[in-house]
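Structural features, examined
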Amino acid sequence: MDYYWKALADEENISVEQLILTIRDTYKRYLSLLYNNPRHIVSFKIHFSTVLPTLGVAETTGYDILTVSHDSNDVKRSHIVNLFDLENFEYSYSKYEERYFVVFDFMEKGISVLQFITSSFFSELSRQLDVFGVSKLRLKHMASTLIASGVSQFLHGYYRIDLSLLQVLSSLTYEGTFINCSLIAPLYTSWAKPRSVGNGLDLAFEEPVSFTVEHLRQIRKLVELSDKYLDLVLNTNQEIIGLSGEGPREEECRIRLWGHLTWTLTYAGGKKISYYNGGYHVHAETIEQQGQFVKDIVPGINNEQAEKLETIIRMAARQRHGTILIIAEPETVIREKERLCIARSAIAVQKTNLYEKPHLIHYLTNIDGALMIDTDCCCPCIGAILDGDAVTIGSPARGARYNSTVNYISRRRQLGQSFTGIVVSEDGTVDAVTDQRIIRLNLTN
């Protein structure tokens, strides 16, 4: 009769199936905060045991299960004899209590930060259902806190990394510059042979440095020895023991700190989670074709154009002093070049294909102003000053380069023109500004 779930619904007109769909939709909104592109939200299933026998009885009677997937409103009923009969049970998040059993299967193998993020979600969901019922279910205002809690538990549980230390470290400067380094940390339970000179270390410190907040000043100095090609290496005692250019091994994770309060963790063969713009972001596990992210931000281009534009964007992202790219269709770019040059707000050049001459990108982005290119990678002007009335609310936390680009793209949209801006900040962050949204691009990892 599903007594427990009907009690949680606390409204006579809400069925158990509707309650489960409500939980599914709440979880889906929760996950949407972790993915920049809604298409990348992980596929998942949620299994509920609605009439739960005791563990001893369940060994013979089995479980009645309700299952709902992320993309269907059909609630399927089934009966299983053993919980391990559920597909991917070993790698799912599961919770067994006296009144119910639940499994969140997000289709991943091996360790995953989603196991911990889901644990934080369901613990709060369960508490609210017990106290308030489904009609007063409110998780939105707590989502960021719950996600941070899950990430913190994941980092400490598997790698003994202190999330607070990462956040503080990524906020510090050294002689006026923000951090730009990589760290390698082994699984806390790893039985692999520790790294040493001749076994994965290029240089070893005679006295390891404890990776704790008490040694923050010394750590901040050491990270200047590292970049994205040379890693500081930690051991299972959370000590920095040396430097390596080998890259992470199977049982290790890499933490790439690449700007102010900005970092990316890569683990378990390529899974990633990043922190930037004040939030956590899970990267889709599927490996996209080259240029796919460009197709998401520049409308109407084909695969070849996207691949070539990606090459140019990645080259521009290396500009240490920051820069701006403005991208549009060829006809739109030419009209805009003429408008800006008449106003003496840009330097006209003979149309040059930057994909064919990528060595020019570094030099052309050295001067103030934006580099304008069309979707065929041709550049008709450089040093463009982005003008226009203030039509959007600015971000005081960001610089003039970012705010002027957001305002410019919004103003051109009002005039019926479609542009995409790529803003490379001095701290190493890269943002794509489109007609509809602003997306942080992880290009420095």
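Residues numbered from 1 in each chain as written. Predicted model: local features only at pLDDT ≥ 70, side-chain atom pairs only at ≥ 80, totals over all residues. Heavy atoms only, no water.

**Overview of the pattern of salt bridges**
In this structure the tally under the stated criterion is 14 salt bridges. The shortest N-O distance in the salt bridge between D231 and R254 comes to 2.6 Å. Residue D231 is located in strand β12 (residues 231–234), and its partner R254 is located in strand β14 (residues 252–259); the two are separated by 23 residues in the primary sequence. Considered together, D231 and R254 belong to a single accessibility category, that of buried residues. (Salt bridge = Lys/Arg side-chain N within 4 Å of Asp/Glu carboxyl O. Helix = DSSP H or I, 4+ residues; strand = E, 2+ residues; numbered from the N terminus. Buried < 20%, exposed > 50% of the residue type's maximum accessible area, 1.4 Å probe, protein only.)

**What to know about the sheet that holds strand β8 (residues 181–186)**
Spatial strand order, β11-β13-β12-β8-β14-β15-β16-β17: eight strands in an open sheet with mixed pairing. Unpaired on one side and paired on the other, β11 (203–210) and β17 (279–282) mark the two borders of the sheet. Each strand of the sheet is rotated relative to its neighbour by a mean of 25°, with strand direction disregarded. Inspection of the sheet shows β8 paired to β12 by two bridges, in the parallel sense. Bridged to L183 within β12 is L232. Sheet strands touched by helix α5 (residues 143–159): β8, β14, β15 (262–267), β16 (271–276) and β17. Its angle to β15, the strand with the most contacts, is close to 50°. (Pairing = 2+ DSSP bridges. Axes fitted to C-alpha atoms, helices over the stretch in contact; angles between N-to-C directions. Contact = heavy atoms within 4.5 Å.)

**Quick look at the sheet that holds strand β18 (residues 323–328)**
Across the sheet, which stays open at both edges, the seven strands sit in the order β19-β21-β20-β18-β22-β23-β24 with mixed pairing between neighbours. Each having just a single partner strand, β19 (347–353) and β24 (438–441) make up the two edges of the open sheet. Each adjacent strand pair in this sheet contributes to an overall mean axis angle of 20°, direction not counted. Alignment of β18 against strand β20 (residues 370–374), held across five bridges, turns out to be parallel. Directly across from I326, in β20, lies its bridge partner M372.

**Some remarks on helix α6 (residues 163–171)**
All of the buried residues along α6 are L163, L165, L166, Q167, L169 and S170. Its buried side turned inward, α6 meets α5, α7 (216–222), β14, β15, β16 and β17. N-cap assignment for α6: the residue whose side-chain oxygen lies 3.0 Å from the backbone N of S164 is D162. (Polar contact = N/O pair within 3.5 Å; in protein donor to acceptor, adjacent residues only side chain to side chain.)

**Some details on α5**
Here α5 contains 17 residues, and its C-alpha end-to-end distance of 24 Å stays within 8% of the 24 Å for a straight helix at 1.5 Å per residue. Where α5 is concerned, the buried positions are A143, L146, I147, G150, V151, F154, L155 and Y159. Each buried residue of α5 lies within a common arc of 170° when the element is viewed along its axis, so the set occupies one face. In the stretch just after α5, R160 is the one whose phi turns positive, near 55°. (Expected span 1.5 Å × (residues − 1). Arc of directions from axis to C-beta.)

**Quick word on unusual backbone geometry**
Its identity is not glycine, yet M107 carries a phi of approximately 60°, on the positive side. Inspection of the secondary structure assignment puts M107 in the loop between β5 (101–105) and α4 (113–131). Here A268, not a glycine, exhibits a phi torsion of approximately 50°, which is positive. With respect to the helices, strands and loops of the structure, A268 is situated in the loop between β15 and β16. For A268, a relative accessible area of 32% gives the class partly exposed.

**A look at the packing of helix α2 (residues 16–32) against α4**
How two helices sit against one another is set out by the angle between their axes and by the gap between those axes. Here α2 crosses α4 at 135°, and the two axes come no closer than 11 Å. Judged on the interaxial angle alone, α4 and α2 are oblique. For the pair α2 and α4, the crossing hand works out as right-handed. Residues L19, I23, T26, Y27, Y30 and L31 of α2 pack against L114, I117, T118, S120, F121, L125 and L129 of α4. (Parallel < 35°, antiparallel > 145°, perpendicular 65-115°, else oblique. Left-handed = near helix turned anticlockwise from the far one by under 90°.)

**Notes on the pairing of β18**
If a strand is regular, its side chains alternate between the two faces of the sheet. The element β18 is extensively covered by neighbouring structure, given that six of its six residues are classed as buried. Burial along β18 is two-sided: T323, L325 and I327 facing one way and I324, I326 and A328 facing the other are all buried. Strand direction decides the pairing type here: β18 and strand β22 (residues 420–424), joined by five bridges, are antiparallel. Considered in β22, the bridge of I326 is made with G421.

**Some remarks on the packing of aromatic side chains**
Applying the stated criterion across every chain yields a total of 23 aromatic pairs. With a centroid separation of 5.7 Å and an interplanar angle of 65°, the aromatic rings of F104 and F122 are classed as edge-to-face. Of this pair, F104 sits in strand β5 while F122 sits in helix α4, placing them 18 residues apart in sequence. F122 shares its class with F104; the two are buried. Through a chain of ring-to-ring contacts, three or more aromatic side chains come together here, namely Y27, Y30, F44, Y93, F104, F121 and F122. We note R160 situated over the ring of Y188; from NZ or CZ to the ring centre the distance is 3.6 Å. (Phe/Tyr/Trp six-rings, centres within 6.5 Å; stacked < 30°, edge-to-face > 60°. Lys NZ or Arg CZ within 6 Å of the ring centre and 35° of its normal.)

**Let's talk about the pairing of strand β13 (residues 239–244)**
Judged by how many residues are buried, β13 sits mostly within the fold: five of six residues are covered. Pairing of β12 with β13, which is carried by four bridges, proceeds in the antiparallel orientation. By the bridge assignment for β13, D231 is matched with S244. Counted between consecutive antiparallel strands, the loop separating β12 from β13 contains four residues, among which Q238 sits at a positive phi close to 60°.

On their own, these measurements won't tell you what the molecule is for.
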